[in-house]
Amino acid sequence: MTLSWFQIIRLGFVQMALGAIVVLTTSTLNRLMVVELSLPAILPGLLVGLHYGIQLTRPHWGFYSDTGGHRTRWIIGGMVALALGAFTAACGVLAFAQSFALGLTVSIVAYTLIGLGVGASGTSLLALLATTTAPHRRAAAATITWLMMIFGIAMTAGIVGQLIDPYTPLLLIEIVGFVVTIATLVTCLAVFRIERNLIAVREPDPTPFMEGLKEVWSERKARNFTIFVFLSMTAYFMQELILEPYAGLVFGFTPGQSTSLSGAQNGGVFIGMLAVGILATGFKIGALRNWVMTGCVGSAAALILITFLGPIGPTAPLVPAVVLLGFFNGMFAVAAIGSMMALAAAGAARREGTRMGLWGAAQAIAAGFGGLVGAGLVDVLRVTMTDTQAFGIVFIAEAAIFIAAAAMAAKIMDRKMPSATLVPGE
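This one's a predicted model, so the numbers in the text were calculated from it and none came from an experiment.

Conventions and cut-offs
Residues numbered from 1 in each chain as written. Predicted model: local features only at pLDDT ≥ 70, side-chain atom pairs only at ≥ 80, totals over all residues. Heavy atoms only, no water. Helix = DSSP H or I, 4+ residues; strand = E, 2+ residues; numbered from the N terminus. Contact = heavy atoms within 4.5 Å. Axes fitted to C-alpha atoms, helices over the stretch in contact; angles between N-to-C directions. Parallel < 35°, antiparallel > 145°, perpendicular 65-115°, else oblique. Nonpolar A, V, L, I, M, F, W, Y, C, P; charged D, E, K, R; others polar. 1 Å grid on protein atoms, 1.4 Å probe; cavity = no way out; pocket = protein on both sides within 12 Å on 5 of 7 lines; lining within 4 Å. Points joined across faces, edges and corners; volume = space filled by probe spheres on them. Salt bridge = Lys/Arg side-chain N within 4 Å of Asp/Glu carboxyl O. Buried < 20%, exposed > 50% of the residue type's maximum accessible area, 1.4 Å probe, protein only.

Colleague: Kindly report on the environment of Ala336, identifying the contributing residues and their values.
Modeller: Relative to the elements of secondary structure, Ala336 occurs in helix 13 (residues 318–344). For the pair Ala336 and His70, spaced 266 residues apart in sequence, the C-alpha to C-alpha distance is 28 Å. Apart from the residues lying within four places of it in its own chain, the contact partners of Ala336 are Phe225, Phe228 and Val292.

Colleague: How would you sum up the packing of helix 4 (residues 71–96) against helix 7 (residues 169–191)? Please name residues and give values.
Modeller: Contact geometry of helix 4 with helix 7 gives a least axis separation of 10 Å together with a crossing angle of 180°. By the angle between their directions, the pair helix 4 and helix 7 is classed as roughly antiparallel. Residues Thr72, Ile75, Ile76, Met79, Val80, Ala83, Ala86, Phe87, Ala90, Cys91, Val93 and Leu94 of helix 4 form the contact with helix 7, whose participating residues are Pro169, Leu172, Ile173, Val176, Gly177, Val180, Ala183, Thr184, Thr187, Cys188 and Val191. Here the contact of helix 4 with helix 7 is built from residues that sort into 19 nonpolar, four polar and no charged.

Colleague: Give a description of the layout of surface pockets that names residues and reports values.
Modeller: Roughly 310 Å³ of volume is contained in the second largest pocket. Taken together, 16 residues make up the lining of the second largest pocket; nearest its centre are Ala20, Met155, Thr156, Val179 and Ile182. Every element with two or more residues in the lining of the second largest pocket is listed here: helix 1 (5–36), helix 6 (138–163) and helix 7. Classifying every residue of the lining of the second largest pocket gives 14 nonpolar, two polar and no charged.

Colleague: Which residues make up the pattern of salt bridges, and what values go with them?
Modeller: Considering all chains together, one arrives at three salt bridges under this definition. In this structure, the salt-bridge partner of Glu36 is Arg31, at a minimum N-O distance of 3.1 Å. Among the residues examined, Arg31 registers a relative accessible area of 2% and is labelled buried. A salt bridge links Asp387 to Arg382; the nearest nitrogen and oxygen atoms lie 2.9 Å apart. Looking at Asp387, the relative accessible area reads 23%, which means it is partly exposed.

Colleague: So what's going on with empty space enclosed by the protein? Which residues, and what values?
Modeller: In the structure shown here, the tally under the stated rule is three cavities of 30 Å³ or more. Roughly 910 Å³ of internal volume is contained in the largest cavity. If you trace the largest cavity, you find 46 residues lining it, with Trp146, Met149, Ile153, Phe237 and Gln363 closest to the centre. Across the lining of the largest cavity, the residue classes tally to 27 nonpolar, 16 polar and three charged.

Colleague: Before we move on, can you summarise the environment of Glu240 with the specific residues and values?
Modeller: Of note, Glu240 is situated in the loop between helix 9 (220–238) and helix 10 (243–251). Along the chain, Glu240 and Thr67 lie 173 residues apart, while their C-alpha atoms are 35 Å from each other. Excluding its chain neighbours within four sequence positions, the residues that come into contact with Glu240 are Thr26 and Tyr52.

Okay, here's the thing in structure tokens:
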């Protein structure tokens, strides 16, 4: 028995809940630390890097999903951990105002919980989708759930951006508490009884974890795709921790305006994903490889545009440029996700979750590495340069990595097929 379209959409609400919580920790709280508390950008960079580093456990979650059922408990349990982590992170921001040591301690605990929560819930959800979705629905299921996640990010960032001005510590706690509570309830309702009729789809697999991981790593295209995910996601996440501070320091955005900017960017991502989904899936226009390359090159061009707007200052059209960046980010991401879903179901049998976990770990490493490098470079360059110059150099470096990712996609991805294929043991 496989997932129906209605069940796929229900699981998409879990992705939406994940995005809604994560955007608070990577944009709003980051902005408050850097601008309102005048903390170095490297600090939230290290904290976000911590939560991505902990997601190295993703292959384990995926493997456990491969070797037995009961994925629902990992999805819900992970969401609860994520919600507790996000609320604790908000408390950590307030603690920094009283004591740096206390704020740092609370934040480390919080971002550890966030990493565990995202890893357990997100990977188990993707494993459930990969193993219970009919083959002809996999690409569409990935697109639907990812779009719902982006919608959750954009919607949350936009609403929070409107509600948090004028900023007060009590208001921050109230908003974060409300968001994480609703996200947890939505997750519980979304997965309720879905797995009950699907739990017997796969028999238990006694294969040890390392042996299963080695099977996947022995597949050449799986290895190459892992490297591509790392490279492209490094570029994707380099601006995540510095875009809102850039808007605040160079363009004079308020906390609410900069949070809304994140919502505008993710709105662009949503439109880019939707456009590719319609054109590539509905109208069969272009191979996934071409959409990935176009998205990477377009993202690089948008970053260069954002750099050139810096010297203009507050009157520059930053928001449209950021929406353009989001659009091309979404274009490349949804094409890569389509390939990922096809690859996850190919190759050595019964390793869908392990592959998803491997690529999820590569993405997590890249996200932490990219965010940390971006924030660290800005801090170093601001010592000897103006804010505009420092941020601009980092954006140009990010554009160069996107170009390198496009070149790699051209080399390793299929030129003709609308979705990627994988030959067992290749």
